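Summary of the model geometry
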Amino acid sequence: MIIAANFKMHLTPRKLATFAATLRESLDSRLQILLFPNTACLANLPQCPVRWGAQNAYPAQNGAFSGEIGAEVLESLAIQTLLVGHSERRALGESQDFCAQKCRFYAELGFTLVYCIGEPHDVRARGRESVRAFLDAQLQDIPLDYPNLIIAYEPIWAIGTQAAGMEQIEQTHADIRALCAERGATPPLLYGGSVKPNNARAILSLSNVNGVLVGSAALVVSDFVQIMQAGLQAL
Ligand code: PGA
């Protein structure tokens with residue numbers, strides 16, 4: 001069971017240290033915890049035996065790419081986990097090709113990748129087949145059989161609003177599972193989009209849901225710990 005948190009621009013290094021000090025008390029080896037703090041925190045991470053990852057990286061060792069971070073710096077900080085394709089980065093202009101390039105580059109280096117896919121509201125409104133086709137396109141050129149690849153299904157309309165319905169999650173995860181199987185792959189599938197303490201157990205009990213990617217509910221450590229406990233109950 002994978003419980004991941006994307007802190008986005010939140011949590012200063014000091015707040016992250018406080019968060020980690022509490023989290024440490026609640027870790028359980030049956031859960032794989034992945035935390036994505038903002039880039040500034042990566043240079044001075046708190047002592048906490050979780051998998052720390054970067055929210056973004058450029059597909060190069062280093063070079064003239066202002067504002068970006070590359071593999072050389074990440075590896076020097078012992079970061080080997082990366083979030084790719086989050087809808088907030090796609091909204092800033094990251095194309096499918098660029099996301100795929102990032103996945104391939106960092107897969108070559110052995111990174112654990114959490115690759116995000118998810119449809120906007122208008123696609124969802126057109127029904128299950130449209131969603132399936134949209135997600136299929138987001139799986140193009142992704143190294144799906146790479147053993148350290150995790151897929152996070154995050155419907156854009158459910159981020160920071162209200163989680164998708166249980167039936168929608170279960171159906172879509174079944175469709176993603178089938179799309180991956182067509183390509184000979186069975187990556188773990190996370191659901192993300194308004195996961196909260198009060199819906200985590202139900203979501204984590206659905207078939208083909210191997211974990212969650214949590215945004216705002218991860219900012220309060222007691223809420224995140226409750227989501228972890230929901231994960232244990234759903235095992
Ligand atoms: P949310 O964010 O939990 O606040 O909806 C999820 C995400 O963007 O990964």
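Summarised in this report is the structure supplied together with it. (Residues numbered from 1 in each chain as written. Predicted model: local features only at pLDDT ≥ 70, side-chain atom pairs only at ≥ 80, totals over all residues. Heavy atoms only, no water.)

**Quick look at helix α4 (residues 96–108)**
- Its 13 residues give α4 an end-to-end C-alpha distance of 18 Å, which sits within 8% of 18 Å, the value for a rise of 1.5 Å per residue.
- For α4, the complete set of buried residues consists of F98, C99, A100, K102, C103, Y106 and A107.
- Contact partners of the buried residues in α4: α2 (71–76), β4 (81–84), α3 (87–90) and β5 (112–117).
- G110 sits one or two positions beyond α4 and adopts a positive phi of about 85°. (Helix = DSSP H or I, 4+ residues; strand = E, 2+ residues; numbered from the N terminus. Expected span 1.5 Å × (residues − 1). Buried < 20%, exposed > 50% of the residue type's maximum accessible area, 1.4 Å probe, protein only. Contact = heavy atoms within 4.5 Å.)

**Some points on unusual backbone geometry**
- One non-glycine residue with positive phi stands out, namely D141, at about 65°.
- Unusually for a residue other than glycine, N208 sits at a positive phi of about 65°.
- Looking at the secondary structure, you find N208 in the loop between α8 (200–204) and β8 (211–214).
- N208 sits in the partly exposed class, given a relative accessible area of 26%.

**Re the pairing of strand β6 (residues 149–153)**
- Counting buried positions over the five residues of β6 gives five, a clear majority of the element.
- Burial along β6 is two-sided: L149, I151 and Y153 and I150 and A152, pointing in opposite directions, are all buried.
- By the bridge criterion, five bridges tie β5 to β6 in an arrangement that is parallel. Bridging across to β6, V114 finds its partner in I150.
- Here β6 pairs with strand β7 (residues 189–192) via three bridges, running parallel. (Pairing = 2+ DSSP bridges.)

**Side note on the sheet that holds β4**
- One open sheet holds the eight strands; their spatial order is β3-β2-β1-β8-β7-β6-β5-β4, and the pairing between them is parallel. The open sheet has two edge strands, β3 (51–52) and β4, and neither has a second partner.
- As paired elements, strand β1 (residues 2–6) and strand β2 (residues 32–36) share five bridges and run parallel to each other. By the bridge assignment for β2, A4 is matched with L34.
- Taken strand by strand, α4 contacts β4 and β5, and its axis lies near 165° from that of β5. (Axes fitted to C-alpha atoms, helices over the stretch in contact; angles between N-to-C directions.)

**A short note on the site of the ligand**
- Looking at the ligand, the residues that line it are N6, K8, H86, E154, I159, G160, G193, S194, L213, G215 and S216.
- Coverage of the ligand by the protein chains reaches 98% of its 280 Å² of free accessible surface.
- For the shell around the ligand, the per-class residue count stands at two nonpolar, seven polar and two charged. (Near = heavy atom within 4 Å. Areas by Shrake-Rupley, 256 points an atom, 1.4 Å probe, with all protein chains shown as cover. Nonpolar A, V, L, I, M, F, W, Y, C, P; charged D, E, K, R; others polar.)

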